[in-house]
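Now for the letters of each chain:
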Amino acid sequence: MSDEELRDELVTLLVAGHETTANALAWAIERLCRHPEKLGRLTEEVQAGESAYLQAVIQETLRLRPVISIVLRRLTEPMEIGGRVLPAGVSIVPSIHLVHRRADIYPQPNEFRPERFLEQPPGTYTWIPFGGGVRRCLGASFAQFEMEIVLREIVSRCTLAPSRPGSERVYRRAITETPRHDAEVLVGRRPATTAAPAVVEAAVA
């Protein structure tokens, strides 16, 4: 890679790598709060020192709520897609949102079901929250590593509950898609005993 390419990659990692991961974490917490049985299973497995379900929760969150739902590419040479030849200079927009909701790939595609990734690992061309090919997100592995650490600590230390009924709708902020109310939840300290914890209100964003 040239010095210019290295510079561009590092700038991309620094500028685009913090808010996107924070948004993905907010979505993970929002989804888990709306599905207490999933949160319960995650908590139990994390406390047991296991990580498979934690990774599945992250993968399912990124499938159902990708932080960026479309990508843009401009062709530098003609390309044939689906029997149609597209000329150089044309912009194509693969839809991550639509790929992730194909019922033939993901049964009950609108349901939050991390178990699907325990049954079948993510496909190279069917699970693309970070894009794909040579332009795949530079920080993909690091982002998932961050999410794993943060979620493990949160469910180990805290109880979580939704602060309002109903799922939060997707809200576009610049180019990213975030929870409309910033994934505001009720957070309590997880007790060492079976006593009920005191619940305090907090916002996770």
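See the structure printed just above.
Throughout what follows, the structure given in this document is the object of discussion.

The rules behind the values
- Residues numbered from 1 in each chain as written.
- Predicted model: local features only at pLDDT ≥ 70, side-chain atom pairs only at ≥ 80, totals over all residues.
- Heavy atoms only, no water.
- Axes fitted to C-alpha atoms, helices over the stretch in contact; angles between N-to-C directions.
- Helix = DSSP H or I, 4+ residues; strand = E, 2+ residues; numbered from the N terminus.
- Parallel < 35°, antiparallel > 145°, perpendicular 65-115°, else oblique.
- Contact = heavy atoms within 4.5 Å.
- Nonpolar A, V, L, I, M, F, W, Y, C, P; charged D, E, K, R; others polar.
- Salt bridge = Lys/Arg side-chain N within 4 Å of Asp/Glu carboxyl O.
- Buried < 20%, exposed > 50% of the residue type's maximum accessible area, 1.4 Å probe, protein only.
- Patch = residues over 30% accessible without salt bridge, like charges linked within 9 Å, V, L, I, M, F, W, Y side chains within 5 Å.
- Areas by Shrake-Rupley, 256 points an atom, 1.4 Å probe, with all protein chains shown as cover.
- Phe/Tyr/Trp six-rings, centres within 6.5 Å; stacked < 30°, edge-to-face > 60°.
- Lys NZ or Arg CZ within 6 Å of the ring centre and 35° of its normal.
- Pairing = 2+ DSSP bridges.
- Core = buried A, V, L, I, M, F, W, Y, C linked by side-chain atoms within 4.5 Å.
- Polar contact = N/O pair within 3.5 Å; in protein donor to acceptor, adjacent residues only side chain to side chain.

1. Some words on the packing of helix H3 (residues 36-47) against helix H4 (residues 52-64)
One way to put it is that H3 packs onto H4 with a least axis distance of 8 Å and a crossing angle of 140°. By the angle class used here, H3 and H4 are oblique. Residues Lys 38, Arg 41, Leu 42 and Glu 45 of H3 form the contact with H4, whose own contacting residues are Tyr 53, Leu 54 and Val 57. When the residues that make up the contact of H3 with H4 are grouped by side-chain class, the tally is four nonpolar, no polar and three charged.

2. Some remarks on the pattern of salt bridges
Enumeration over the complete set of coordinates arrives at 15 salt bridges. Taking the shortest distance from any N to any O, the salt bridge between Glu 45 and Arg 41 comes out at 2.8 Å. Taken together, the residues Glu 45 and Arg 41, both in helix H3 and four residues apart, mark about one turn of the helix.

3. Section: the side chain of Glu 45
What makes Glu 45 buried here is its relative accessible area of 16%. In contact with Glu 45, not counting residues within four places along its chain, are Glu 50 and Tyr 53.

4. Structural notes on a nonpolar patch on the surface
Where nonpolar side chains cluster on the molecular surface, the patch consists of Phe 142, Phe 145, Ile 149 and Val 150 and spans about 360 Å² of accessible area. Topologically, Phe 145 is positioned in helix H7 (residues 140-157). Residue Phe 145 is classed as partly exposed on the basis of its relative accessible area, which comes to 48%.

5. Structural notes on the packing of aromatic side chains
Tallying each qualifying case throughout the model produces two aromatic pairs. Centre to centre, the rings of Trp 127 and Phe 130 are 6.3 Å apart; their planes meet at 65°, and the pair counts as edge-to-face. You can call Trp 127 buried: its relative accessible area is 8%. Between Arg 63 and the ring centre of Tyr 106, over which it is positioned, the NZ or CZ distance is 5.1 Å. One residue, Arg 65, lies across the ring of Trp 27, its end atom 5.0 Å from the ring centre.

6. Quick word on unusual backbone geometry
The phi angle at Gln 108 is positive, at roughly 45°, despite the residue not being glycine. Despite not being glycine, Ala 183 shows a phi value in the positive range, around 55°. Using a relative accessible area of 0% as the deciding quantity, one classes Ala 183 as buried.

7. Concerning the pairing of strand S6 (residues 170-173)
Bridge count between S6 and strand S7 (residues 176-179): four bridges; the pairing is antiparallel. Across the sheet, residue Val 170 finds its bridge partner in S7, namely Pro 179. Remark: two residues form the turn of the hairpin made by S6 and S7, two consecutive strands paired antiparallel; Ala 174 in that turn has positive phi of roughly 60°.

8. A closer look at the nonpolar core
Core analysis: the biggest nonpolar cluster contains 30 residues, and Leu 42, Leu 62, Met 147, Leu 151 and Leu 160 have the highest contact counts within it. Taken together, the elements giving at least two residues each to this core come down to helix H2 (19-34), H3, H4, H7 and strand S8 (184-189). Take this core: its biggest share by element is seven residues, from H4. For Leu 42, the contacting residues outside a window of four places in its chain are Leu 32, Tyr 53, Leu 54, Val 57 and Val 155.

9. Let's talk about the environment of Glu 115
Considering the arrangement of structural elements, one finds Glu 115 in the loop between helix H5 (96-99) and helix H6 (116-119). Residues in contact with Glu 115, not counting those within four places in the same chain, are Lys 38, Arg 41 and Tyr 53. Within the structure, Glu 115 has its side chain in polar contact with the side chain of Tyr 53 (distance 2.9 Å).

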